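Fold and geometry: a report
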Amino acid sequence: MSISRRDFLKIASAAAAVSAAPVFKSVSAMSTKPSAPPTFSPNYCELCFWNCGLIAKSVNGKVVKIDGNPLSYRGKGKLCGRGNAGLGLLYDPDRLKHPMLNIGKRGDPKWKKISWDEALSFIANKLNDIKQKYGPEAVALFSHGTGGSFWKHLLKAYGSPNSAAPSFAQCRGPRDVGFYLTFGAAPGSPEHYDFAKSKFIVLIGSHLGENAHNSQVQDLINGLDNGAKLVVLDPRLSNVAAKANWWLPVKPATDLAVLLAWIKIIVDEELYDKEYISKYAIGIKELKEEVKDYTPEWASKISEIPAATIVEIAREMAKHKPNLCISGGRFTVWYGDDSQRSRAIAILTALMGSWGREGGYYLPAAGKVPKYPGLPEYPDTGDSISGDYPFALLQVTNAIRDAAITDKPYPCKGWIIYGSNLIKTMPNKTETINALRKLDLVVAVDVLPTDIVDWADIVLPECTYLERYDDIGTGKFQTFEVTMRVPGMKPLFESKPSWWITKELSKKMGLEAYFPWNDIEEYLKARCEAAGISFDELKQKGALQFNDKANPYIAADNQPEFNTPSEKIELYSKQLKEHGFDPVPKYTAHEEPPADHYRLVFGRSPLHTFSRTINNFMLHDLIPENELWINTKQAAKLGLKKGEYVRLVNQDGIKTDTKIKIKITERLREDCVYMYHGFGVNSANLSRANKRGIGTDELITKYTVDPLMGGTGIRGNFVKIVKEA
Ligand SMILES: Nc1nc2c(c(=O)[nH]1)N[C@H]1C(S)=C(S)[C@@H](COP(=O)(O)OP(=O)(O)OC[C@H]3O[C@@H](n4cnc5c(=O)[nH]c(N)nc54)[C@H](O)[C@@H]3O)O[C@H]1N2
Ligand SMILES: Nc1nc2c(c(=O)[nH]1)N[C@H]1C(S)=C(S)[C@@H](COP(=O)(O)OP(=O)(O)OC[C@H]3O[C@@H](n4cnc5c(=O)[nH]c(N)nc54)[C@H](O)[C@@H]3O)O[C@H]1N2
Ligand code: SF4
Ligand SMILES: [Mo]
């Protein structure tokens with residue numbers, strides 16, 4: 001099977017359809033002066049966290065166009081459909097324009113415009129009160145995005161260890177932990193999947209292409225172009241599944257059965273990379289014993305994938321070892337046993353010898369940009385709120401939420417929420433609301449009046465990425481990438497960058513010694529100098545690559561290190577056993593949908609990032625609302641028509657406030673329904689997004705916590721379809 005580069009656009013959907021026309025219109029409407037020669041500033045995209053490099057073109061002090069930066073590893077000169085629509089955020093008339101104080105209630109706000117000075121004094125006073133009453137650890141930061149780094153620094157200077165992000169315990173945490181337990185390292189973000197060189201690729205519930213992480217999609221397409229075979233396990237015929245050699249419409253929640261059967265076949269038939277395993281791994285004998293009952297026939301009954309297909313694919317994988325990538329995916333908080341499912345993927349990867357091998361998982365280039373030199377030490381902090389999860393690699397957001405409700409292990413009284421829409425991204429909204437109601441202080445730092453903003457006491461408007469400098473960005477790929485964001489124009493309205501907000505706040509909190517730079521360029525220059533990088537070159541090029549001579553693959557003179565207790569790959573994990581967990585993953589059955597219910601399955605819209613972009617006028621034009629996918633037979637059974645609007649009721653009797661349009665399709669199993677995540681925006685101040693479609697977050701009242709690391713499995717919710725009278 002071969003696939004052309006043009007198919008990238010087809011996979012990534014209507015990327016090309018993002019026309020620049022509306023931008024030029026909005027910009028020319030703004031500018032009255034004759035055009036000065038354009039200026040160009042490098043930047044990196046913040047429409048999602050892949051952070052592809054871009055060049056912003058400005059005319060008369062306004063950004064008028066953005067293009068991919070060819071020097072960027074993550075973008076390679078291209079932007080995805082969302083990235084191309086950056087101007088739809090920059091010129092969104094709904095943007096936050098000035099600091100605001102909530103003189104109403106949390107969740108039912110009345111906003112009063114205030115000055116930056118008033119806003120920062122208010123926050124500093126509250127933070128100092130909390131410190132006096134409860135200690136600094138009673139303040140937590142939630143963040144997502146590059147500007148978060150200045151907030152993390154401020155929080156540590158203040159003395160709190162509680163800095164968390166939904167992008168761990170609500171996203172890739174279980175995958176990272178499963179791999180960490182096996183290899184002593186995670187696939188990383190950005191992931192070290194060597195798709196471009198793969199001969200065989202396995203995607204497990206990962207719908208790359210719709211999940212539009214730019215260079216990763218390009219790598220996948222290049223791999224397929226070069227003849228790689230592709231297997232996709234997904235209950236839905238995703239766009240990438242439509243390109244696969246094998247689409248396995250696995251029964252949702254049963255992937256682990258297939259993975260365990262694959263392990264059994266490979267171990268029993270001795271199809272694994274024997275030299276690699278004997279050199280680098282421990283526990284092959286114990287593994288064989290532990291998986292002995294997981295026959296393909298057993299897995300077939302559970303997963304509804306034919307036993308012969310399971311056997312065929314196990315043998316195909318082995319034929320292509322070690323140049324195959326069994327992808328760990330990214331969004332992995334599914335059913336609560338997620339770090340164990342990820343461990344099964346890691347074990348298979350080890351058996352194929354593909355960690356550190358061409359076409360498998362490459363070894364990333366090393367590199368570091370040291371911190372700003374000479375800063376005072378942070379104060380000593382006590383333990384962070386991590387819950388009772390022995391293998392949590394990072395702080396657990398839901399444990400912080402629990403602490404705000406129960407005061408255990410100690411009170412949590414203040415939340416600073418930077419670029420995170422907690423109310424839509426944490427499962428079980430009622431718990432989030434209960435926590436928010438109990439706090440003494442809620443600060444939201446955002447660019448738009450999104451749903452979480454309505455729950456804040458005080459709102460700080462950040463300027464968008466196209467209007468600000470930010471901290472230095474780094475990424476470990478086959479090169480070590482260092483990136484810089486340079487503003488293409490002055491901030492609109494009274495919005496400000498986080499480097500400025502945190503510095504001013506530090507003065508009011510008596511923490512100015514931690515922010516000794518006069519301005520951001522001085523800060524960035526000092527970091528560049530400490531790393532031996534030319535600031536001027538970085539500022540001009542936007543992205544620099546280092547260590548590009550490093551060998552990304554295992555070789556006689558390039559031996560891997562495994563940061564596990566045994567310093568080997570652990571097929572059998574003694575440390576899991578010591579903590580009372582299964583040393584080799586075991587299959588456990590998950591709850592099935594009750595009668596008349598479907599499992600709620602969701603994923604990414606190729607042209608939106610969660611709820612971040614729903615109000616973006618360029619993207620809204622293309623995908624204004626989500627649709628409910630339902631299988632043709634089930635639609636006929638329920639008498640549903642294409643385009644008809646319905647509501648949903650979940651297993652706990654929660655009925656959606658808004659409606660969703662029916663899409664009838666053969667591309668989905670009969671036992672589930674599917675929709676894009678991110679819609680169903682509540683905030684009345686987002687004029688285009690408000691109440692369009694349904695939010696998965698409305699329906700996710702149930703979640704199953706992963707006992708190893710605290711991740712919240714959210715794919716165990718079920719819905720019934722309610723027709724409108
Ligand atoms: N139901 C459900 N929940 C999920 C998921 C799901 O699929 N379904 N996905 C999970 C995943 S994979 C993840 S990674 C998490 C993400 O969870 P979060 O990190 O909470 O979510 P985001 O949508 O990235 O956060 C968006 C907020 O950042 C703001 N923002 C955008 N740009 C900027 C900026 O430049 N500066 C500032 N200060 N703010 C900005 C937006 O306006 C918005 O309010 O959610 C998880 N939760
Ligand atoms: N366009 C776009 N791209 C994005 C993002 C975005 O918001 N928009 N977000 C980024 C982020 S932070 C993340 S974490 C990634 C997430 O991207 P992915 O890791 O690819 O995860 P999801 O989007 O949750 O994947 C959904 C797919 O899993 C399938 N699925 C559901 N249940 C099961 C099951 O039980 N078994 C199997 N095998 N499959 C199942 C669904 O049918 C769907 O096709 O995307 C990233 N890329
Ligand atoms: S993948 Fe798309 S949205 Fe994400 S950073 Fe790159 S261009 Fe921006
Ligand atoms: Mo994510």
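What counts, and where the lines are drawn
- Residues numbered from 1 in each chain as written.
- Chains lettered and ligands numbered in written order.
- Predicted model: local features only at pLDDT ≥ 70, side-chain atom pairs only at ≥ 80, totals over all residues.
- Heavy atoms only, no water.
- Helix = DSSP H or I, 4+ residues; strand = E, 2+ residues; numbered from the N terminus.
- Rg over C-alpha atoms; globule rule 2.2 N^0.38 Å.
- Buried < 20%, exposed > 50% of the residue type's maximum accessible area, 1.4 Å probe, protein only.
- Contact = heavy atoms within 4.5 Å.
- Areas by Shrake-Rupley, 256 points an atom, 1.4 Å probe, with all protein chains shown as cover.
- Lys, Arg positive; Asp, Glu negative; His and termini not counted.
- Charge placed at Lys NZ, Arg CZ, Asp CG, Glu CD.
- Domains from an automatic or database assignment.
- Buried area = accessible area lost by both parts, 1.4 Å probe.
- Pairing = 2+ DSSP bridges.
- Near = heavy atom within 4 Å.
- Polar contact = N/O pair within 3.5 Å; in protein donor to acceptor, adjacent residues only side chain to side chain.
- Nonpolar A, V, L, I, M, F, W, Y, C, P; charged D, E, K, R; others polar.
- Axes fitted to C-alpha atoms, helices over the stretch in contact; angles between N-to-C directions.
- Parallel < 35°, antiparallel > 145°, perpendicular 65-115°, else oblique.
- Left-handed = near helix turned anticlockwise from the far one by under 90°.
- Core = buried A, V, L, I, M, F, W, Y, C linked by side-chain atoms within 4.5 Å.
- Patch = residues over 30% accessible without salt bridge, like charges linked within 9 Å, V, L, I, M, F, W, Y side chains within 5 Å.
- Salt bridge = Lys/Arg side-chain N within 4 Å of Asp/Glu carboxyl O.
- Phe/Tyr/Trp six-rings, centres within 6.5 Å; stacked < 30°, edge-to-face > 60°.
- Lys NZ or Arg CZ within 6 Å of the ring centre and 35° of its normal.

**Examining the overall build of the protein chain**
Counting its regular elements, the protein chain contains 24 helices and 27 strands. Against the globule reference of 27 Å for 725 residues, the protein chain gives a C-alpha radius of gyration of 25 Å, in line with a compact fold. Looking at the protein chain as a whole, 62% of its 725 residues qualify as buried. Summarising the internal contacts of the protein chain: among those between residues at least 6 apart in sequence, 75% fall at separations of at least 24. When the accessible surface of the protein chain is split by element, carbon and sulfur atoms take 51% of a total near 26900 Å². Taking the average place of the 93 positive charges on the side chains of the protein chain and the average place of its 83 negative ones, the gap between the two points comes to 4 Å.

**Description of the domain arrangement of the protein chain**
We note that the domain assignment places domain 1 (170–362) and domain 2 (598–723) within the protein chain. The C-alpha centroid of domain 2 is placed 28 Å from the C-alpha centroid of domain 1. Each side of the interface is counted separately: domain 1 has 31 residues, and domain 2 has 25 residues. Taken together, both faces of the contact between domain 1 and domain 2 bury some 2200 Å²; the carbon and sulfur share is 57%.

**Here we look at the side chain of S611**
With respect to the secondary-structure elements, S611 resides in the loop between strand 20 (598–603) and helix 22 (617–622). Classification of S611 as buried rests on a relative accessible area of 9%. In contact with S611, other than residues within four places in its own chain, are N421, K424 and G678.

**Let's talk about the pairing of strand 21 (residues 627–631)**
Most of strand 21 is tucked away, with 4 of its 5 residues classed as buried. Here strand 21 pairs with strand 23 (residues 660–665) via 5 bridges, running parallel. Among the inter-strand pairings, L628 is bridged to a residue of strand 23, identified as I662.

**Digging into the site of ligand 1**
Neighbouring ligand 1 are 28 residues, the closest being H144, S420, D446, T450 and E462. A distance of 2.8 Å separates an oxygen atom of ligand 1 from a polar atom in the side chain of T425. At a separation of 2.8 Å, a nitrogen atom of ligand 1 approaches a polar side-chain atom of E462. For the shell around ligand 1, the secondary-structure elements that each account for two or more residues are helix 7 (166–183), helix 16 (422–425) and strand 14 (441–446). When grouped by side-chain class, the residues that make up the shell around ligand 1 number 12 nonpolar, 10 polar and 6 charged. Three or more residues apiece are contributed to the shell around ligand 1 by two domains, here domain 1 (170–362) and domain 2 (598–723).

**Quick look at the environment of I569**
Looking at where I569 falls in the secondary structure, it is placed in strand 19 (residues 569–570). For I569 and Y280, which are 289 residues apart along the polypeptide, the C-alpha to C-alpha distance reads 6.0 Å. Apart from the residues lying within four places of it in its own chain, the contact partners of I569 are T182, F183, Y276, Y280, A281, I282, A350 and F562.

**A word on the packing of helix 7 against helix 14 (residues 338–351)**
Remark: helix 7 packs on helix 14, axes separated minimally by 7 Å, with the N-to-C direction vectors making an angle of 45°. Taken together, the axis directions place helix 7 and helix 14 in an arrangement best described as oblique. Handedness of the helix 7/helix 14 crossing: right-handed. Of the residues in helix 14, those touching helix 7 at P174, R175, V177, G178, F179, L181, T182 and F183 are D338, S339, S342, R343, I345, A346, I347, T349 and A350. For the contact of helix 7 with helix 14, a count of residues per class yields 9 nonpolar, 5 polar and 3 charged.

**Remarks on the sheet that holds strand 6 (residues 139–143)**
Taken together, 7 strands build an open sheet; the order of strands is 5-4-15-14-13-6-7 and the sheet is mixed. The open sheet terminates on both sides in strands that have one partner only, identified here as strand 5 (111–113) and strand 7 (163–164). Two strands pair when backbone bridges link them, and strand 4 (residues 100–102) and strand 5 are joined in this way by 3 bridges, in the antiparallel orientation. Bridge pairing in strand 5 places N102 opposite W111.

**Regarding the pairing of strand 14**
Where burial is concerned, most of strand 14 is hidden: 6 out of the 6 residues are buried. Residues of strand 14 alternate between two faces, with L441, V443 and V445 on one and V442, A444 and D446 on the opposite face, all of them buried. Bridge count for strand 14 against strand 15 (residues 458–461) is 4 bridges, and the pairing is parallel. Within strand 15, the residue paired with D446 across the bridge is P461.

**Considerations on the nonpolar core**
Grouped together as the largest cluster of nonpolar side chains are 100 residues, with contacts concentrated most on W262, I263, M317 and L351. Considering every element that reaches this core, the biggest residue donor is helix 9 (residues 255–268), with 11 residues. Here this core spans two domains, and each of domain 1 (170–362) and domain 2 (598–723) adds at least three residues to it. The residues contacting I263, other than those within four sequence positions of it, are L287, V291, A344, I347, L348 and L351.

**Considerations on the site of ligand 2**
The local shell around ligand 2 holds 31 residues, among which H207, D234, D255, Y335 and H608 are the closest. H207 places a side-chain nitrogen or oxygen 2.9 Å from an oxygen atom of ligand 2. Here a nitrogen atom of ligand 2 and a backbone polar atom of P606 are 3.4 Å apart. Calculation on ligand 2 without its partners gives an accessible area of 920 Å², and the protein chains cover 99% of this total. No other element matches strand 20, which puts 3 residues into the shell around ligand 2. Residue composition of the shell around ligand 2, grouped by class: 14 nonpolar, 9 polar and 8 charged.

**Things to note about the sheet that holds strand 16 (residues 473–476)**
The strand order 16-17-18 describes an open sheet built from 3 strands, whose pairing is antiparallel. Every interior strand has two partners, whereas the edge strands, strand 16 and strand 18 (543–546), have only one. When strand polarity is set aside, the average angle formed by the axes of neighbouring strands in this sheet is 20°. Taken together, the 4 bridges between strand 17 (residues 480–483) and strand 18 define a ladder with antiparallel strand orientation. Within strand 18, the residue paired with E481 across the bridge is Q545.

**What about a nonpolar patch on the surface?**
On the surface, Y180, L393 and L394 cluster together into a nonpolar patch covering about 250 Å² of accessible area. Take L394: it is sitting in the loop between helix 14 and helix 15 (397–406).

**So, the packing of aromatic side chains**
Overall, the coordinates contain 26 aromatic pairs when judged by the stated rule. Between the aromatic rings of W116 and W500, the centroid separation amounts to 5.4 Å while the plane-to-plane angle is 85°, which identifies the pairing as edge-to-face. Of this pair, W116 sits in helix 5 (residues 116–134) while W500 is found in helix 18 (residues 498–508), placing the two residues 384 residues apart along the sequence. Judged by centre distance (6.0 Å) and plane angle (70°), the rings of F331 and F602 are edge-to-face. Here F602 lies in strand 20 and F331 lies in the loop between strand 12 (324–326) and helix 14, a separation of 271 residues in the sequence. You can call F602 buried: its relative accessible area is 5%. Here the aromatic residues F179, F183, Y193, F195, W355 and Y361 are joined through ring pairs into a cluster of three or more. Lying over the aromatic face of Y674, R236 brings its terminal NZ or CZ to 4.0 Å of the ring centre.

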